[in-house]
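Geometric and topological summary
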Amino acid sequence: MKKMQVISRAAAQEARAAYFFLIPAFLGLTILTYGPLLVVLALSFSRWRAGAPEPIFNGLENYIRLFTEDHFFVDSIKVTAYFTFISVIGSMIYSLAVAMLLNRKIPARGFFRAVFYVPYVLPAVAVYIGWSWLYDSNFGLFNFILSVLNIDTVHFIADTRFVVPSLAIIAVWLSGNLIVIFLAGLQNVPRVYYEAAEIDGASSWQRFLHVTIPGMSPIIFYNLLMAIVTNMQVVTPALALTRGGPGNSSMFMTFLMYRNAFIEGQLGYASAISFIFFIIVAVFTAIIFITSREWVFYEGDK
């Protein structure tokens, strides 16, 4: 009995210590995340232009306007979903393929790992401007290659058909962080599973499907979640290159918020867009978490 009381006191002290050290993280989330989110929600029910002394409550007027009058808003949802779909699928396939190649014993493996990671740490605006030169209709490298192949010039970021896929290619190229995480996950898949599969006569493709993918499923889940959230919040290409054009074909939701808040000065209306965007991201995140129970496997799961 006395031993149980000692263990209980030790557990209580450990819990108090844990709560104490969680205070900075809790304060950070409250002050920097949840607090501003509540302020945005409150402002979304107001009419507040830049320079006005204070917001004026207008109820659901901003939300009604969003869904009944603002065609830019509907276009921005479609464009953001389209860009996210291409970027996430492309970056997941590209990152896993590169990670599997870099996981092999090849000469200068450390150098190539650094090469593929570097784009992720480069300034985003500089990257997009550099790619805009490659996409240039007159002097760009890609159109030069097309001309050699006797293919007509493609206006990569000035054509409504190609602008989103062209920007998505850049986003895929920037996914060096996913490569590093995939590489770490591949190195942690127990080698004994591969050896057992080889003994059973499994081909390389079968080992990939039945050993690598299940063993990597927690890493795939994490990278998929981060890729979706990151690409849904894309704004740099619109700010650096397209300004939402041509037409509304690159009018991402984040750029629509920026335009309404800092160009047109409609802070209350921009807050309404922000809160709707928050709900959309939260819904996608919830779907990923709920469905992950069916395909993510952890060590020790039965």
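Our structure's up above, just so we're on the same page.
Residues numbered from 1 in each chain as written. Predicted model: local features only at pLDDT ≥ 70, side-chain atom pairs only at ≥ 80, totals over all residues. Heavy atoms only, no water.

**Considerations on the overall build of the chain**
Each helix and strand counted, the chain has 13 helices and two strands in total. Taken against the 2.2 N^0.38 rule, which gives 19 Å for 302 residues, the C-alpha radius of gyration of the chain at 24 Å runs more than 25% over that of a compact globule. Each principal axis of the C-alpha atoms in the chain carries an extent, and together these give about 70 × 65 × 30 Å. Every one of the 302 residues in the chain was classed for burial, and the buried ones make up 35%. Considering the chain, the positive charge centre built from 19 side chains and the negative charge centre built from 16 side chains are found 11 Å apart. (Helix = DSSP H or I, 4+ residues; strand = E, 2+ residues; numbered from the N terminus. Rg over C-alpha atoms; globule rule 2.2 N^0.38 Å. Buried < 20%, exposed > 50% of the residue type's maximum accessible area, 1.4 Å probe, protein only. Lys, Arg positive; Asp, Glu negative; His and termini not counted. Charge placed at Lys NZ, Arg CZ, Asp CG, Glu CD.)

**Some details on the packing of aromatic side chains**
One pass over the full model with this rule turns up 18 aromatic pairs. Both rings, one in Trp 131 and one in Tyr 135, keep their centres 5.7 Å apart while their planes meet at 55 degrees; by these two values the pair is tilted. Taking the relative accessible area as the measure of exposure, Tyr 135 reaches 4% and is therefore buried. Look at Phe 221 and Trp 295: their rings are 6.3 Å apart centre to centre, the planes differ by 65 degrees, and that puts the pair in the edge-to-face class. Residue Phe 221 is found in helix α10 (residues 204-232), and its partner Trp 295 is found in helix α13 (residues 267-295); the two are separated by 74 residues along the sequence. The exposure class assigned to Phe 221 is buried, which follows from its relative accessible area of 10%. Ring pairing ties together the aromatic residues Trp 131, Tyr 135, Phe 142, Phe 156 and Trp 173, which thus form one cluster. (Phe/Tyr/Trp six-rings, centres within 6.5 Å; stacked < 30°, edge-to-face > 60°.)

**A look at the pattern of salt bridges**
What the rule picks out here adds up to four salt bridges. For Glu 61, the salt bridge is made with Arg 47, and the minimal N-O distance between the two is 3.1 Å. One end of the pair, Glu 61, is in helix α2 (residues 61-68); the other, Arg 47, is in strand β1 (residues 46-47), with 14 residues separating them in the sequence. Exposure remark for Glu 61: the relative accessible area of 39% places this residue in the partly exposed category. Judged by its relative accessible area of 42%, Arg 47 falls in the partly exposed class. (Salt bridge = Lys/Arg side-chain N within 4 Å of Asp/Glu carboxyl O.)

**Considerations on a nonpolar patch on the surface**
The grouping of Phe 20, Phe 21, Ile 23, Phe 26, Leu 27, Ile 31 and Leu 32 at the surface amounts to a nonpolar patch, some 830 Å² of accessible area in total. You can see Leu 32 is positioned in helix α1 (residues 2-43). (Patch = residues over 30% accessible without salt bridge, like charges linked within 9 Å, V, L, I, M, F, W, Y side chains within 5 Å. Areas by Shrake-Rupley, 256 points an atom, 1.4 Å probe, with all protein chains shown as cover.)

**Some details on unusual backbone geometry**
Across the junction of Gly 245 and Pro 246, the peptide omega takes the value -5 degrees, indicating a cis bond. The residue Pro 246 is located in the loop between α11 (236-242) and α12 (253-263) in this model. Despite not being glycine, Arg 243 has its phi angle at roughly 55 degrees, a positive value. The residue Arg 243 is located in the loop between α11 and α12 in this model.

**Regarding the nonpolar core**
Membership of the largest hydrophobic core comes to 60 residues, with the highest contact counts inside it found for Leu 66, Phe 83 and Ile 170. Among the elements that make up this core, the one with the highest residue count is α10 (10 residues). Residues contacting Ile 170, with those up to four places away along its chain left out, are Val 127, Tyr 128, Trp 131 and Tyr 135. (Core = buried A, V, L, I, M, F, W, Y, C linked by side-chain atoms within 4.5 Å. Contact = heavy atoms within 4.5 Å.)

**Observations regarding helix α7 (residues 163-173)**
Here α7 lies mainly inside the structure; eight of its 11 residues are buried. Of the positions making up α7, those classed as buried are Val 163, Val 164, Ser 166, Leu 167, Ala 168, Ile 170, Ala 171 and Val 172. Where α7 is buried, its residues contact α3 (71-102), α5 (124-134), α10 and α11.

**Points about α3**
For α3, spanning 32 residues, the distance from its first C-alpha to its last is 46 Å, which sits close to the expected 46 Å at 1.5 Å a residue. Where α3 begins, one side-chain oxygen reaches toward the backbone nitrogen of Phe 72, 3.0 Å away; that side chain belongs to Asp 70. (Expected span 1.5 Å × (residues − 1). Polar contact = N/O pair within 3.5 Å; in protein donor to acceptor, adjacent residues only side chain to side chain.)

**Notes on the side chain of Ser 46**
You can see Ser 46 is positioned in strand β1. When its relative accessible area of 5% is taken as the criterion, Ser 46 is described as buried.

**Describing the packing of α5 against α7**
One can describe the packing of α5 onto α7 by two numbers: an axis separation of 11 Å at closest approach and a directional angle of 130 degrees. Of the possible angle classes, the one that applies to α5 and α7 is oblique. The two elements α5 and α7 cross, and the hand of that crossing is right-handed. Along the contact surface, α5 presents Val 127, Tyr 128 and Trp 131, while α7 presents Leu 167, Ile 169, Ile 170, Ala 171 and Trp 173. Residue composition of the contact of α5 with α7, by class: eight nonpolar, no polar and no charged. (Axes fitted to C-alpha atoms, helices over the stretch in contact; angles between N-to-C directions. Parallel < 35°, antiparallel > 145°, perpendicular 65-115°, else oblique. Left-handed = near helix turned anticlockwise from the far one by under 90°. Nonpolar A, V, L, I, M, F, W, Y, C, P; charged D, E, K, R; others polar.)

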